[in-house]
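# Report on the structure
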Protein chains: 2
Amino acid sequence: MPQTRSYEPPPREMLRDVCRESGVRLTNQREQIWDSFRRKRRGMSITEAVEAHEKRGIGLSTVYRTVALLEELGLLRRIHDHAGEHRYIASRPGHFHPLVCRSCGVVVEFESCGMGPVERMLAAETGFAIEGHDLEVHGRCPKCQ
Amino acid sequence: MPQTRSYEPPPREMLRDVCRESGVRLTNQREQIWDSFRRKRRGMSITEAVEAHEKRGIGLSTVYRTVALLEELGLLRRIHDHAGEHRYIASRPGHFHPLVCRSCGVVVEFESCGMGPVERMLAAETGFAIEGHDLEVHGRCPKCQ
DNA sequence: ATTCAGTTGAAAATGATTGTCAAATACCCC
DNA sequence: GGGGTATTTGACAATCATTTTCAACTGAAT
Ligand SMILES: [Mn+2]
Ligand SMILES: [Mn+2]
Ligand SMILES: [Zn+2]
Ligand SMILES: [Zn+2]
């Protein structure tokens, strides 16, 4: 049974902590970029992020590099918008899945997806060693219905 | 409980039929491109498909246009390979999900994913009207373990 | 304060995707 | 089987997205 968390952005200091742990430097640019994702409940495509930051004087390569880094650190999660394009949302590291509104793009994350039994059955039937899954649910949020 | 189908490519004549129904012309190029996807159990990225067909004199724009068309018709399904890149596999139209080998890329499709109850629970907890989901399972095929 | 590996940004290089348009062709109707 | 026509194709150019390069800069450890 899924445990839903209404979407609230991960705490600001999480970047600081994760950088420490993983021996990566906490720079001004990384903080600004992470913050801008935290503030957008719909996430941004890389192109939108580049655009949003060149105004502030952050270089395009830095945006590309930082999005890749934050994704590796588990602080950004990649989702598909209604048009199938990649967008990124700020997220805590861990096993969460996005529920995405096809109309306004707002994202709610949820944790338990019920895939355990399905994976065991798949393993038994196919001989695959299952290592993980990607799951995304789409619909319309209450406001957009 | 998931019903697994070991991956066998959809029948050749399916393109013909789907084209008829949807009032789209069956061209030589479309047949060749669809066939080449049917023959690859791991699918191809668009770039690989372009490369494979320029040898045979099929233009690059045609490959792009055809992949988009076949995806719309439900004859190609987009998946993510181990590196997160988009690849396309030949597939029947309908509700199937890919189980992808992270090592060799081979794909097995399965049908029942157990998402019904999860979606009902999500709807109840979030107020979203659920419209669908994307699911992909990753692991290692028997040969690759 | 000093040091230095890690990070940044401008610019160029590369790669991927889309647009244009004249020529070719699938398929409908005789 | 042979036109007639809207669709489709392919060369090429234009555009857009991503990666590389490298000198200057800076976070953080000492
Ligand atoms: Mn994708
Ligand atoms: Mn899960
Ligand atoms: Zn909405
Ligand atoms: Zn394999």
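Computed from a predicted structure; not experimentally measured.

## Comments concerning the coordination of the zinc ion (ligand 3)
Residue and element names in this part refer to chain A. Listed as protein donors to the zinc ion (ligand 3) are Cys 101 (SG), Cys 104 (SG), Cys 141 (SG) and Cys 144 (SG); their distances from the metal cover 2.2 to 2.4 Å. Here the zinc ion (ligand 3) binds four donor atoms, and the angle range of 99 to 115° at the metal identifies the geometry as tetrahedral. Exposure remark for Cys 104: the relative accessible area of 25% places this residue in the partly exposed category. Owing to a relative accessible area of 23%, Cys 144 belongs among the partly exposed residues under this scheme.

## Considering the protein's contact with DNA strand D
Residues in close proximity to DNA strand D total 18 residues, the closest being Tyr 64 of chain A together with Thr 27, Gln 29, Thr 62 and Arg 65 of chain B. For DNA strand D, the fraction of atoms within 4 Å of the protein that belong to sugar or phosphate moieties is 61%. In this structure, a phosphate oxygen belonging to DNA strand D sits 3.0 Å away from a main-chain N or O atom of Leu 26 of chain A. At 2.4 Å, a side-chain N or O of Tyr 64 of chain A approaches a phosphate oxygen of DNA strand D. Contributions of two or more residues to the surface near DNA strand D are made by α4 (60-72) of chain A together with α2 (28-39) and α4 (60-72) of chain B. Considering each element in turn, the surface near DNA strand D owes the most residues, four residues, to α4 of chain A. Taken together, the residues of the surface near DNA strand D sort by class into five nonpolar, eight polar and five charged.

## Here's the deal with the relation of the copies chain B and chain A
Note on the copies: chain B fits chain A at an RMSD of 0.1 Å, the axial shift is 0.1 Å, and the rotation between them is 180°. Those values place the two copies in the arrangement expected of a two-fold rotation axis. Using C-alpha coordinates, one finds that chain B approaches the rotation axis most closely at Leu 135 of chain B, a distance of 2.2 Å. Most of the interface of chain B is mirrored in chain A: 100% of its interface residues are interface residues there too.

## Quick word on the protein's contact with DNA strand C
As a matter of local geometry, DNA strand C sits amid 17 residues, with Gln 29, Thr 62 and Arg 65 of chain A together with Leu 26 and Tyr 64 of chain B nearest to it. Among all atoms of DNA strand C positioned within 4 Å of the protein, those belonging to sugar or phosphate total 64%. Between DNA strand C and Ser 61 of chain B there is a distance of 3.4 Å, counted from a base oxygen to a side-chain nitrogen or oxygen. Listing elements by their share of the surface near DNA strand C, those giving two or more residues are α2 (28-39) and α4 of chain A together with α4 of chain B. Partitioned by chemical class, the residues of the surface near DNA strand C number five nonpolar, eight polar and four charged.

## Description of the interface of chain B and chain A
The partner chain A presents 39 residues to the 39 residues of chain B that form the contact. Summed over the shared surface of chain B and chain A, the number is four salt bridges. On the surface where chain B and chain A come into contact, there are 18 residue pairs in polar contact (both at pLDDT 80 or more). Only β2 (76-80), β4 (97-101), β5 (107-110), α5 (115-126) and β6 (129-140) of chain B provide two or more residues apiece to the side of chain B that touches chain A. The element best represented in the side of chain B that touches chain A is β6 of chain B, accounting for twelve residues. Classifying every residue of the side of chain B that touches chain A by side-chain character gives 20 nonpolar, twelve polar and seven charged. Pairing of strand β6 (residues 129-140) of chain A with β6 of chain B, which is carried by eleven bridges, proceeds in the antiparallel orientation. Across the sheet, residue Gly 132 of chain A finds its bridge partner in β6 of chain B, namely His 138 of chain B.

Procedures and definitions
Residues numbered from 1 in each chain as written. Chains lettered and ligands numbered in written order. Predicted model: local features only at pLDDT ≥ 70, side-chain atom pairs only at ≥ 80, totals over all residues. Heavy atoms only, no water. Donors = N, O, S within 2.8 Å, 3.2 Å for Na, K, Ca; no water. Tetrahedral: all angles 85-135°; square planar, octahedral: opposite > 155°, others 65-115°. Buried < 20%, exposed > 50% of the residue type's maximum accessible area, 1.4 Å probe, protein only. Near = heavy atom within 4 Å. Polar contact = N/O pair within 3.5 Å; in protein donor to acceptor, adjacent residues only side chain to side chain. Helix = DSSP H or I, 4+ residues; strand = E, 2+ residues; numbered from the N terminus. Nonpolar A, V, L, I, M, F, W, Y, C, P; charged D, E, K, R; others polar. Least-squares fit on C-alpha atoms with pLDDT ≥ 70 in both. Contact = heavy atoms within 4.5 Å. Salt bridge = Lys/Arg side-chain N within 4 Å of Asp/Glu carboxyl O. Pairing = 2+ DSSP bridges.

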